[in-house]
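So you can see what is in the structure, the chains are spelled out below.
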Amino acid sequence: MHITVNQSIYVHFLKVGSINNSSVLQIGSTGKMQALSQLYNTGGYQSTAEEATPQEIPEPMVPLSPF
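Residues numbered from 1 in each chain as written. Predicted model: local features only at pLDDT ≥ 70, side-chain atom pairs only at ≥ 80, totals over all residues. Heavy atoms only, no water.

**Some remarks on the overall build of the chain**
- Along the chain, the regular secondary structure elements total zero helices and zero strands.
- By the compact-globule yardstick of 11 Å for 67 residues, the chain is too spread out, its C-alpha radius of gyration being 22 Å.
- Each principal axis of the C-alpha distribution contributes one length, and for the chain these read about 60 × 50 × 30 Å.
- The buried share of the chain, taken over its 67 residues, is 0%.
- Entry remark: accessible area of the chain is about 8,100 Å², with carbon and sulfur atoms responsible for 54%. (Helix = DSSP H or I, 4+ residues; strand = E, 2+ residues; numbered from the N terminus. Rg over C-alpha atoms; globule rule 2.2 N^0.38 Å. Buried < 20%, exposed > 50% of the residue type's maximum accessible area, 1.4 Å probe, protein only. Areas by Shrake-Rupley, 256 points an atom, 1.4 Å probe, with all protein chains shown as cover.)

Next comes the structure, spelled out in structure tokens:
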């Protein structure tokens, strides 16, 4: 079976709060989605960041009981 979908979408105003690494913003329908990842150096950094060091996890202030 072959189905063709034609649509017209008019967006007069679109406000997006944030787009994160795994976010998808879709307007309309799609038959196939392909992953796209783009990395930008918006800070103008010249070298890589220093290696992260693990921190100690503090005990909770209130002891939590299992279910």
